[in-house]
Amino acid sequence: MEYLTKYDDFLLKNASQITGIEASLRSLTYILPGRFHDAEFASQAVYAALNLLGLYHNAILRRAAHHHADETKSEHEESAFNKYFNFWSTHSPMHKKCSTLLSIISYTQVLMEMGVLKKLGKQAQWKWIAILETIKVALRLSLFKLTSNRMIMYPHHLQRDVDPASLERNRQLTHMPERWTGERSGVDMPLMQSTIDFDNTKTSQQQQQKRGVRKFADVTDYLMSKVLTPEKLRRPDQMVHMMNAIGKSGEIVYILRPLFYVLSVLKYGQKSWKPWLLSLAMELLSQAMVRQSFEQPHGGRSKMMPLEKQEYARRLKLLWLNLLRGAFYIRVTRPRLERFCNSVENKPVLSLVGGILRDYLPLWQNIYFYTSAS
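Residues numbered from 1 in each chain as written. Predicted model: local features only at pLDDT ≥ 70, side-chain atom pairs only at ≥ 80, totals over all residues. Heavy atoms only, no water.

1. What about the environment of Trp-320?
Tracing the backbone through its elements, the reader meets Trp-320 in the loop between helix 14 (306–318) and helix 15 (326–343). Residues Trp-320 and Ala-373, 53 residues apart in the sequence, show an inter-C-alpha distance of 9.9 Å. (Helix = DSSP H or I, 4+ residues; strand = E, 2+ residues; numbered from the N terminus.)

2. Observations regarding the environment of Val-110
Within the secondary structure, Val-110 sits in helix 5 (residues 93–120). Sequence separation between Val-110 and Gln-44 is 66 residues; the distance between their C-alpha atoms is 7.0 Å. Look past the residues within four positions of Val-110 in its chain and what remains in contact with it is Gln-44, Ile-367, Phe-369 and Tyr-370. (Contact = heavy atoms within 4.5 Å.)

3. Some remarks on the side chain of Ser-264
When you line up the elements, Ser-264 lands in helix 12 (residues 245–268). Residue classification places Ser-264 among the buried positions, given a relative accessible area of 7%. (Buried < 20%, exposed > 50% of the residue type's maximum accessible area, 1.4 Å probe, protein only.)

4. Notes on helix 15
Here helix 15 is 18 residues long and its end C-alpha atoms lie 25 Å apart, about the 26 Å a rise of 1.5 Å per residue gives. Thr-333 marks the point of greatest bend in helix 15, at about 40°, and the proline Pro-335 comes within the next four residues. Buried residues of helix 15: Gly-326, Ala-327, Phe-328, Tyr-329, Ile-330, Thr-333, Arg-334 and Cys-341, and no others. On its buried face, helix 15 is in contact with helix 12, helix 13 (273–294) and helix 16 (350–366). (Expected span 1.5 Å × (residues − 1). Bend = angle between axes of the 7 residues up to and from the residue.)

5. A closer look at the packing of helix 12 against helix 13
To characterise two packed helices, one gives the angle between the axes of the helices and the distance between these axes. Axis separation between helix 12 and helix 13 bottoms out at 8 Å; the angle between their running directions is 175°. As the angle between them shows, helix 12 and helix 13 are arranged roughly antiparallel. Residue classes in the contact of helix 12 with helix 13 are distributed as 14 nonpolar, nine polar and four charged. (Axes fitted to C-alpha atoms, helices over the stretch in contact; angles between N-to-C directions. Parallel < 35°, antiparallel > 145°, perpendicular 65-115°, else oblique. Nonpolar A, V, L, I, M, F, W, Y, C, P; charged D, E, K, R; others polar.)

6. Looking at a nonpolar patch on the surface
A contiguous nonpolar surface patch, about 500 Å² in accessible area, is contributed by Ile-21, Leu-25, Leu-28, Tyr-30, Ile-31 and Val-46. Ranked by the residues each element gives to the nonpolar patch, the list is headed by helix 2 (residues 15–31), at five residues. One can find Ile-21 in helix 2. (Patch = residues over 30% accessible without salt bridge, like charges linked within 9 Å, V, L, I, M, F, W, Y side chains within 5 Å. Areas by Shrake-Rupley, 256 points an atom, 1.4 Å probe, with all protein chains shown as cover. Salt bridge = Lys/Arg side-chain N within 4 Å of Asp/Glu carboxyl O.)

7. So, the pattern of salt bridges
By the definition in use, this model includes seven salt bridges. A network of salt bridges, in which partner residues are shared, links Glu-251, Glu-311, Arg-314 and Arg-315.

No statement about biological role is implied by the geometric values presented.
Following this line, the structure appears as structure tokens:
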């Protein structure tokens, strides 16, 4: 525990640098495949470790941000996603456990698949994939049930909505805003001179930076920060709709799609068109059913909330991964990409792109979870 406390303190003192290092190393893992023997496995090991460590860092940063907000009697403004996700995790311990397990699996599934393929071979690889997809289906159906049939949001953990640089400034904060407390009402609020920068000069801004204090430019700027938007007014359980029968069916089809694809690959083989066509049909059907559930009876604007629109847009983008999956990739996409790589082999800048792309071509075919979108 003592070492963890020291590590937490070190992280908060150097939050910006550590976040930058995380991002740099994560970017490096994308260009490692093909650089040396077992580079793919090494890059995935680093990628998985960084993401799991990132989950721990998120918890520390959020805890520090909330602690500072309590000390200064201010509010830590959460993103809409975090507000929604935190509500369900707080109200349901089972939701928190399922989400955590899903996050761990999603960050380590490629690494696990590579390990099984390397040690046990192709047949064991697809059996292991089927086991993992079955577990993920069970967890997602549990989340769907626990949230009263609401759309499953991604990611399955709280996002990092804390600015590391602001945390470092908060730790050095020596000046606490002067406050006024009403004698009868007991209402506590900051004084205007400690909240609004009436001078609004470069010198005053530099002094604020040194002291770690942020003042508003004028009264309008301060009032705008207090404006209640629809997202702030909605209760967390109102930020995502409970689905009707059509939407519920569409969401269940979307959850089951990866498992059905894997089972059909085990039966017909990866080069068969049947698994690919089944997967694409299920994905398109689920998207159509989910969208239909949000349509107004007599036309008009969709009833989707902002979080639902974000998730739906993410799912539409993932449809492109069908080009890198199964029979379509083997018979159509890969031959064209190989021809492109050969054509740019002797061209100065494009040859670098072609080299990196060529290293990924076998991975997209042999490693399911690279393009699974599950």
